[in-house]
Amino acid sequence: MQKTLISNDPRETTALATRLKESLQNGDVILLTGEIGAGKSHFARSLIQAAMDNIEEVPSPTFTLVQTYDTTIGSIWHADLYRLNDQSDIFELGLIDAFGNEIVLIEWPDRLGHLEPQDALTVEITILEKNKRKITFSTTSSEWRGRLEKTFKR
Ligand SMILES: Nc1ncnc2c1ncn2[C@@H]1O[C@H](COP(=O)(O)OP(=O)(O)OP(=O)(O)O)[C@@H](O)[C@H]1O
Ligand SMILES: [Mg+2]
């Protein structure tokens, strides 16, 4: 199942991320795909900020690979695997244990290879113009399907 929406500026993407946050629960994995500068971090940061009581700075996990946040909906893990050197680091980072237990947002999930969770929600962001993005939510999970429909029905 897939759902495609257009975002005309960063604030519209923030609104979509905020809406998705409403339907998240522990154990959810969100795979953020799209080229460099597409808006994966913007989406993740917006979602995390929407789940925080206080507006806090959400640092990018570019160098640490993983950042975790205590939020109103449980702990959220934000991973950016662009600089992942070794697949074994995925275990060391605690990501495998986090799958199915925590809420995990992952940029560059292709680095996971066969360790990529199968029941995840994929958010693919495509650059159309300077501020315009195509955002496609897709999943093979039947459980996600119902939630997605509820989240993005208009
Ligand atoms: N409609 C839009 N939605 C999201 N971001 C947008 C939009 N229009 C412009 N932008 C801008 O695009 C940039 C996206 O940067 P961001 O760091 O989120 O990309 P990224 O996909 O995480 O890249 P990287 O692969 O390097 O991690 C931001 O500067 C953001 O303001
Ligand atoms: Mg990023």
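Just so you know, these numbers come straight off a predicted model, no measurement behind them.

What counts as what
- Residues numbered from 1 in each chain as written.
- Chains lettered and ligands numbered in written order.
- Predicted model: local features only at pLDDT ≥ 70, side-chain atom pairs only at ≥ 80, totals over all residues.
- Heavy atoms only, no water.
- Helix = DSSP H or I, 4+ residues; strand = E, 2+ residues; numbered from the N terminus.
- Rg over C-alpha atoms; globule rule 2.2 N^0.38 Å.
- 1 Å grid on protein atoms, 1.4 Å probe; cavity = no way out; pocket = protein on both sides within 12 Å on 5 of 7 lines; lining within 4 Å.
- Points joined across faces, edges and corners; volume = space filled by probe spheres on them.
- Nonpolar A, V, L, I, M, F, W, Y, C, P; charged D, E, K, R; others polar.
- Axes fitted to C-alpha atoms, helices over the stretch in contact; angles between N-to-C directions.
- Parallel < 35°, antiparallel > 145°, perpendicular 65-115°, else oblique.
- Left-handed = near helix turned anticlockwise from the far one by under 90°.
- Contact = heavy atoms within 4.5 Å.
- Buried < 20%, exposed > 50% of the residue type's maximum accessible area, 1.4 Å probe, protein only.
- Donors = N, O, S within 2.8 Å, 3.2 Å for Na, K, Ca; no water.
- Core = buried A, V, L, I, M, F, W, Y, C linked by side-chain atoms within 4.5 Å.
- Near = heavy atom within 4 Å.
- Polar contact = N/O pair within 3.5 Å; in protein donor to acceptor, adjacent residues only side chain to side chain.
- Areas by Shrake-Rupley, 256 points an atom, 1.4 Å probe, with all protein chains shown as cover.

Peer 1: Any details on the overall build of the chain? Residues and values, ideally.
Peer 2: The helix and strand tally for the chain stands at five helices and seven strands. Order of helices (α) and strands (β) in the chain, N terminus to C terminus: β-α-β-α-β-β-α-α-β-β-β-α. Over its C-alpha trace the chain gives a radius of gyration of 14 Å, about what one expects of a compact globule, namely 15 Å for 154 residues. Summarising its shape, the C-alpha atoms of the chain cover approximately 40 × 35 × 35 Å along the three principal directions.

Peer 1: Residues and numbers for the layout of surface pockets, please.
Peer 2: One number sums up the size of the largest pocket: a volume of about 210 Å³. In terms of lining, the largest pocket is formed by Ile36, Gly37, Ala38, Gly39, Lys40, Ser41, Thr62, Asp80, Tyr82, Arg83, Glu107 and Trp108. Split by residue class, the lining of the largest pocket holds four nonpolar, four polar and four charged.

Peer 1: I'd like to hear about the packing of helix α1 (residues 10-22) against helix α2 (residues 40-50), residue by residue, with values.
Peer 2: Contact geometry for α1 and α2: axes closest at 8 Å, N-to-C directions at 55°. Put simply, α1 runs oblique to α2. Of the two possible hands of crossing, α1 and α2 adopt the one that is right-handed. In this structure, α1 contributes Pro10, Thr13, Thr14, Leu16, Ala17, Thr18, Leu20 and Lys21 to the contact, and α2 contributes His42, Phe43, Ser46, Leu47 and Ala50.

Peer 1: Talk me through the side chain of Ser23; I want residue IDs and the actual numbers.
Peer 2: Inspection of the secondary structure assignment puts Ser23 in the loop between α1 and β2 (29-33). With relative accessibility at 15%, the residue Ser23 sits in the buried group. Leave out the neighbours within four places in its chain, and Ser23 touches Asp28, Trp144, Arg147 and Thr151.

Peer 1: Can you tell me about the coordination of the magnesium ion (ligand 2), naming the residues and giving the values?
Peer 2: Within the first shell, the magnesium ion (ligand 2) binds the protein through Ser41 (OG) and Glu107 (OE), at distances of 2.0 to 2.1 Å. With a gap of 66 residues between them, Ser41 in helix α2 and Glu107 in strand β5 (residues 103-107) connect regions that are remote in the sequence. The exposure classification of Ser41 matches that of Glu107, with both residues buried.

Peer 1: Before we move on, could you go through the nonpolar core and cite the residues and values that matter?
Peer 2: With 26 residues, the main nonpolar core has Leu20, Ile30, Phe43, Leu105, Val123 and Phe137 as its most contacted residues. Only α1, β2, α2, β5, β6 (121-127), β7 (133-138) and α5 (142-152) provide two or more residues apiece to this core. Sorting elements by how many residues they give to this core places α2 first, with four residues. Apart from residues no more than four positions distant in its own chain, Ile30 is found in contact with Leu20, Leu24, Val104, Leu105, Ile106, Leu121, Val123 and Trp144. The next biggest cluster of nonpolar side chains, apart from the first, holds 17 residues, and it includes Trp77, Leu81, Ile90 and Val104.

Peer 1: Which residues make up the environment of Glu143, and what values go with them?
Peer 2: Of note, Glu143 is situated in helix α5. Taking C-alpha positions, Glu143 is 29 Å from Glu92, a pair spaced 51 residues apart along the chain.

Peer 1: Would you mind going over the site of ligand 1 in detail, with residue names and values included?
Peer 2: Neighbouring residues of ligand 1: 17 residues in total, closest Thr13, Gly37, Lys40, Ser41 and His42. A distance of 2.8 Å is found between an oxygen atom of ligand 1 and a backbone nitrogen or oxygen belonging to Ser41. Taking 640 Å² as the accessible area of ligand 1 by itself, protein coverage stands at 75%. Breaking the shell around ligand 1 down by element, the ones donating at least two residues are α1 and α2. Looking at which element gives the most residues to the shell around ligand 1, the answer is α2, with three residues. Of the residues assigned to the shell around ligand 1, the class counts are four nonpolar, seven polar and six charged.

Spatial relationships are all this shows, so hold off on functional conclusions.
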